[in-house]
Amino acid sequence: MEGKSTLALCRQPPYGNALAREGLEAVLAAAAMDLVPDLLFLSDGVFQLLDNQSPAEIHQKSLQRNLQALPMFGIEQIFVCGRSLIERGISADQITIPGVEVRQVQDTGKLIAAYDTVLSF
Amino acid sequence: MEGKSTLALCRQPPYGNALAREGLEAVLAAAAMDLVPDLLFLSDGVFQLLDNQSPAEIHQKSLQRNLQALPMFGIEQIFVCGRSLIERGISADQITIPGVEVRQVQDTGKLIAAYDTVLSF
Amino acid sequence: MTLHIVSKSPYGCNALTECLATFAEGDVLLLIEDGVYALTDHKWEAAPAGSVYCLRADAEARGIAIPEKVEGIDDTRWVELCTRHNPIVSWYK
Amino acid sequence: MTLHIVSKSPYGCNALTECLATFAEGDVLLLIEDGVYALTDHKWEAAPAGSVYCLRADAEARGIAIPEKVEGIDDTRWVELCTRHNPIVSWYK
Amino acid sequence: MKFALAVHSAPHTSQSAASALRFARALLAQGHELYRVFFYCDGVHNGSVLAAPPQDEADLVGEWQALQQAHGLDLVVCIAAAQRRGVLSESEAGRLEKSAANLAPGFELAGLGQLADAIANADRLVTFGG
Amino acid sequence: MKFALAVHSAPHTSQSAASALRFARALLAQGHELYRVFFYCDGVHNGSVLAAPPQDEADLVGEWQALQQAHGLDLVVCIAAAQRRGVLSESEAGRLEKSAANLAPGFELAGLGQLADAIANADRLVTFGG
């Protein structure tokens with residue numbers, strides 16, 4: 001399945017609704033099938049990457065575990081929208097996924113247009 | 001149950017999601033129990049009042065039938081947020097519910113604060 | 001050339017704004033469901049002339065007039081738009 | 001004196017903006033769930049000083065710092081806020 | 001003080017069902033009364049006995065049931081909203097000639113009048129949705 | 001052309017499930033192929049046989065089933081999303097020791113791999129959510 005270039009567009013913040021989590025689960029499952037998607041965190045989706053998340057008291061698992069699994073599944077092209085970070089006052093050093101480089105993009109439209117398939121979460 | 005003043009805050013547009021319809025159904029049911037709520041249409045909720053809705057082709061019932069039932073259930077205090085109308089370019093003559101006066105309010109905060117209970121739809 | 005499908009009201013949700021911020025040359029925009037409320041505003045005019053479509057059934061359902069510069073389409077044309085563009089990106093939340 | 005409870009991010013949804021536009025004297029604002037993302041912005045400062053609260057558990061879950069002028073509260077204090085104010089208005093969509 | 005809660009969203013989709021549960025626990029712990037929890041809109045899914053979340057995720061249906069048992073709560077699922085979404089009691093399933101029922105023990109189906117009754121009888125109504 | 005649809009929302013809550021159905025009908029009417037409909041997130045409720053909407057409202061579950069029968073569609077409900085939300089097949093209900101099953105005939109439960117497979121095999125993927 002490697003022939004098809006796929007992008008997962010992640011636009012939701014973590015915890016408030018299930019889309020962030022279910023999106024990452026779909027991404028990991030696709031990668032396990034050798035359809036390795038790239039990821040673009042946009043809008044409130046950039047909040048998924050914020051460090052210091054501790055959701056134990058709201059009885060949820062940390063989403064950062066799912067993010068840390070990305071490189072283990074061969075997902076290494078991870079983009080974050082620079083404009084979305086600025087709008088939310090988030091600096092580059094607040095967003096890291098261990099073991100993988102998160103690359104800032106400015107022209108998200110050009111990035112998206114280059115893929116065969118885009119998943120929206 | 002007449003002692004308790006109740007306001008239903010209607011903020012959702014019709015058809016795209018079920019909240020507008022289910023909100024009005026709750027309002028009519030409460031009125032049938034002699035707990036007659038007042039209504040305030042705010043934000044995209046003002047689109048519920050727009051004339052010329054024809055949802056047959058998207059296989060939904062017109063919400064205007066529910067609105068027309070309001071006066072029959074004794075619901076006569078119906079408010080619409082003037083600011084929300086202006087923001088959406090809607091003029092007063094585009095929003096009518098037959099048999100009932102829809103009153104524009106500017107200070108929605110003061111209006112809301114006067115009720116015992118507020119339902120959010 | 002991406003087909004962007006927006007299904008939420010621009011007053012309640014940032015879907016349209018975010019979509020327009022990622023518009024690339026040759027992209028087109030289709031407004032469906034509550035996305036047609038964008039036609040009561042001028043935001044969609046940020047998209048290049050001739051690139052904006054809306055589902056006529058969704059506009060009529062809501063009593064929304066379709067401006068001259070926007071093409072109201074039926075389901076058949078919707079499918080056709082999807083065959084002529086790729087990828088297809090849904091902005092639904 | 002109304003207690004307004006906002007549970008959506010101000011970047012994605014107009015709930016907070018609309019809530020603040022209906023604020024009356026003596027009203028208070030409680031940010032819960034994704035509503036705590038409002039603390040990364042300055043919009044909440046439109047509410048009078050001392051009238052803004054947030055659920056600490058929801059802010060910590062998301063890694064959001066609570067500014068000095070906002071009171072982070074636990075569930076016990078949440079219930080207490082509800083007993084001291086009426087009506088209670090939820091802005092959840 | 002007497003509280004009533006209106007829950008408009010489903011577990012495992014929105015956090016707000018879990019917030020409602022936390023709020024219910026906190027008010028009971030402070031000695032307040034919980035007159036009724038009314039599940040409306042997608043909130044009706046809180047009453048589905050078939051939900052089977054993974055073991056490391058919260059089981060909200062089970063937690064509502066445990067709270068109901070401990071405090072004798074009145075957990076009312078709106079019958080009209082539940083029919084549309086496929087949450088049925090034994091008797092509703094029979095009446096509608098459906099193959100099964102899935103309303104969890106501890107919950108009951110009733111009409112929207114129970115929401116009006118809760119408003120009339122409680123000192124505070126708090127809505128959870130989204 | 002080969003289409004695949006991803007449906008992320010439930011009937012009777014969001015219009016988008018109905019939009020997906022209309023889109024599916026339109027593409028089939030034009031002679032295109034519908035490789036698969038993958039129901040994910042709240043979309044799993046499209047496969048609940050217990051939904052009983054009022055007679056004057058659309059019966060989306062029934063309409064999906066009719067379309068499936070007419071065109072031999074592959075209607076796949078994500079098993080992980082369905083378990084969390086209480087949509088179970090007979091065999092899942094048995095395995096999880098649940099009292100009933102509610103997956104509608106014409107739908108099948110399968111893993112997220114079926115979404116990846118649909119992406120790989122279809123020319124176009126269209127997502128319906130909200």
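Position numbers for residues start from 1 in each chain and track the written sequence from start to end. A letter from A marks each chain and a number from 1 marks each ligand, given out in the order of writing. Side-chain atom pairs in this predicted model are given and counted only at pLDDT of 80 or more, local residue features only at pLDDT of at least 70, and totals for whole chains, interfaces and linings cover all residues. The side-chain values count all of the structure's non-hydrogen atoms but skip hydrogen atoms and water molecules.

- The name recorded for chain E in an unreviewed UniProt entry is Sulfurtransferase complex subunit TusD, from Microbulbifer thermotolerans.
- The UniProt entry for chain E carries the following comment under Sequence similarities (unreviewed entry): "Belongs to the DsrE/TusD family."
- In the Subcellular location (unreviewed entry) part of its UniProt record, chain E is described as follows: "Cytoplasm". UniProt positions are given in the numbering used here, feature names are shortened, and annotations may be inferred rather than shown by experiment.

- In the nomenclature of an unreviewed UniProt entry, chain C corresponds to Sulfur relay protein DsrH from the organism Microbulbifer thermotolerans.

**Quick look at the overall build of chain C**
For step 1, the next point in the chain: The number of helices and strands found in chain C is three helices and five strands.
For step 2, the next point in the chain: Where helices and strands are cited, they refer to DSSP runs of H or I of at least four residues and of E of at least two residues respectively, numbered from the N terminus. Counted from the first residue to the last, chain C has its helices and strands arranged as β-α-β-β-α-β-α-β.
For step 3, the next point in the chain: With the radius of gyration taken over C-alpha atoms, the globule rule is written as 2.2 Å times the number of residues to the power 0.38. Computed over the C-alpha atoms, the radius of gyration of chain C is 12 Å, within 12% of the 12 Å expected from 2.2 N^0.38 for a compact globule of 93 residues.
For step 4, the next point in the chain: Overall, the C-alpha framework of chain C stretches about 30 × 30 × 25 Å when taken along its three principal axes.

**Observations regarding the relation of the copies chain E and chain F**
For step 1, the next point in the chain: Only residues with pLDDT of at least 70 in both copies contribute their C-alpha atoms to the least-squares superposition of the copies. Rotating chain E by 180° about the axis while translating it 0.0 Å along that axis superimposes it on chain F, leaving an RMSD of 0.0 Å. Overall, the copies show the geometry of a two-fold rotation axis. For chain E, the minimum C-alpha distance to the rotation axis belongs to Ala100 of chain E and amounts to 3.0 Å.
For step 2, the next point in the chain: We call two residues contacting when some pair of their heavy atoms lies within 4.5 Å. Of the interface residues in chain E, 100% have counterparts in chain F that sit at the interface too, so the contact is made through matching surfaces.

**Considering the interface of chain E and chain F**
For step 1, the next point in the chain: With 23 residues of chain E in contact, the opposing surface of chain F contributes 23 residues.
For step 2, the next point in the chain: Summing the contributions of chain E and of chain F, the shared interface buries around 2000 Å²; its carbon and sulfur component is 50%.
For step 3, the next point in the chain: Once two parts are brought into contact, the accessible area they lose, counted with a 1.4 Å probe and summed over both, makes up the buried area. Looking only at chain E, the three residues that lose the most surface to chain F are Leu50, Ala52 and Arg84 of chain E, adding up to 32% of its buried area.
For step 4, the next point in the chain: Definition used for salt bridges: Asp or Glu carboxyl oxygen within 4 Å of a side-chain nitrogen of Lys or Arg. Linking chain E with chain F are two salt bridges, by the criterion used here.
For step 5, the next point in the chain: Across the pair Arg84 of chain E and Glu57 of chain F runs a salt bridge, and its minimum N-O distance is 2.7 Å.
For step 6, the next point in the chain: Any pair of N or O atoms that falls within 3.5 Å is considered a polar contact. Within protein, one atom must be able to donate a hydrogen and the other to accept it, and sequence-neighbouring residues count only if both atoms are side-chain atoms. For the pair chain E and chain F, the number of links is 14 residue pairs in polar contact (both at pLDDT 80 or more).

**Remarks on the pairing of strand S3 (residues 75-78) of chain E**
Moving residue by residue along a regular strand, the side chains alternate between the two faces of the sheet.
All names here are of chain E.
For step 1, the next point in the chain: For every residue, the accessible area obtained with a 1.4 Å probe (protein chains only) is divided by the maximum for its type, and the residue is called buried under 20%, exposed over 50%, and partly exposed between those limits. Burial along S3 is two-sided: Leu75 and Val77 and Val76 and Cys78, pointing in opposite directions, are all buried.
For step 2, the next point in the chain: As paired elements, strand S2 (residues 33-39) and S3 share three bridges and run parallel to each other. When the bridges of S3 are listed, Phe39 appears paired with Val77.
For step 3, the next point in the chain: Crossovers are described as right-handed under a simple rule: with the strands pointing away from the observer, the path leading from the first strand over the helix to the second runs clockwise. Following the chain from S2 across helix H2 (residues 60-71) to the adjacent parallel S3, one finds a crossover that is right-handed. Any two strands are treated as partners once DSSP identifies two or more bridges connecting them.

**Description of the arrangement of the chains**
For step 1, the next point in the chain: Here the protein chains form twelve pairs of chains in contact, of which the pair with the most contacts is chains E and F.
For step 2, the next point in the chain: For the non-touching pair chain C and chain E, the nearest C-alpha separation works out to 12 Å.
For step 3, the next point in the chain: There is a clear gap between chain D and chain F: no contact, and 12 Å between their nearest C-alpha atoms.

**Brief notes about unusual backbone geometry**
For step 1, the next point in the chain: Cis rather than trans, the peptide bond between Asn86 of chain C and Pro87 of chain C has omega equal to -5°.
For step 2, the next point in the chain: Following the sequence through the fold, Pro87 of chain C ends up in the loop between helix H3 (75-84) and strand S5 (88-91).
For step 3, the next point in the chain: Within the chain, Ser43 of chain A stands out as a residue other than glycine whose phi angle is a positive 50°.
For step 4, the next point in the chain: Examined against the element boundaries, Ser43 of chain A turns out to sit in the loop between strand S2 (38-41) and helix H2 (64-69).
For step 5, the next point in the chain: Look at Ser43 of chain A and you get buried, because its relative accessible area is 1%.
For step 6, the next point in the chain: Phi angles above zero are rare outside glycine, and Asp34 of chain B is one such case at about 70°.
For step 7, the next point in the chain: Summarising the element assignment, Asp34 of chain B is placed in the loop between helix H1 (19-32) and strand S2 (38-41).
For step 8, the next point in the chain: Asp34 of chain B sits in the partly exposed class, given a relative accessible area of 46%.

**Some words on the side chain of Arg85 of chain E**
For step 1, the next point in the chain: Inspection of the secondary structure assignment puts Arg85 of chain E in helix H3 (residues 79-85).
For step 2, the next point in the chain: Engagement of the side chain of Arg85 of chain E in a polar contact is seen with the side chain of Thr13 of chain F, the distance being 3.4 Å.
For step 3, the next point in the chain: Apart from residues no more than four positions distant in its own chain, Arg85 of chain E is found in contact with Ala18 and Glu22 of chain B, Cys41, Asp42, Val44 and His45 of chain E together with His12, Thr13, Ser48 and Ala51 of chain F.

**Here we look at the packing of aromatic side chains**
For step 1, the next point in the chain: Any two rings among Phe, Tyr and Trp, with Trp reduced to its six-membered ring, count as a pair given centres within 6.5 Å; such a pair is stacked if its planes are under 30 degrees apart, edge-to-face if over 60, and tilted if neither. In the structure shown here, the tally under the stated rule is 20 aromatic pairs over all chains.
For step 2, the next point in the chain: A ring pair is formed by Phe38 of chain E and Tyr40 of chain E, whose centres lie 6.1 Å apart and whose planes are at 45°; its orientation type is tilted. Of the two residues, Phe38 of chain E and Tyr40 of chain E, neither departs from the other in class, the shared state being buried.
For step 3, the next point in the chain: A network of ring pairs unites the aromatic residues Trp78 of chain C together with Phe3, Phe23 and Phe128 of chain F as a single cluster.
For step 4, the next point in the chain: Any Lys NZ or Arg CZ that is within 6 Å of a ring centre and within 35 degrees of that ring's normal is treated as a charge sitting over the ring. Above the face of the Tyr11 of chain D ring, Arg88 of chain A is positioned so that its terminal group lies 4.5 Å from the ring centre.

**Observations regarding the interface of chain A and chain E**
For step 1, the next point in the chain: Taken residue by residue, the interface counts ten residues in chain A and eight residues in chain E.
For step 2, the next point in the chain: In total, chain A and chain E occlude about 670 Å² of area from one another, counting both sides; carbon and sulfur atoms represent 44% of this.
For step 3, the next point in the chain: Among the residues chain A hides against chain E, the three largest losses belong to Ile58, His59 and Lys61 of chain A. Together they make up 54% of the total.
For step 4, the next point in the chain: Measuring nitrogen to oxygen at the nearest pair gives 3.2 Å for the salt bridge that ties Lys61 of chain A to Asp56 of chain E.
For step 5, the next point in the chain: Run the count over chain A and chain E and you get four residue pairs in polar contact (both at pLDDT 80 or more).
For step 6, the next point in the chain: Residues are sorted three ways: Asp, Glu, Lys and Arg are charged, Ala, Val, Leu, Ile, Met, Phe, Trp, Tyr, Cys and Pro are nonpolar, and all the rest, Gly among them, are polar. Here the residues of the side of chain A that touches chain E are counted per class, giving three nonpolar, four polar and three charged.

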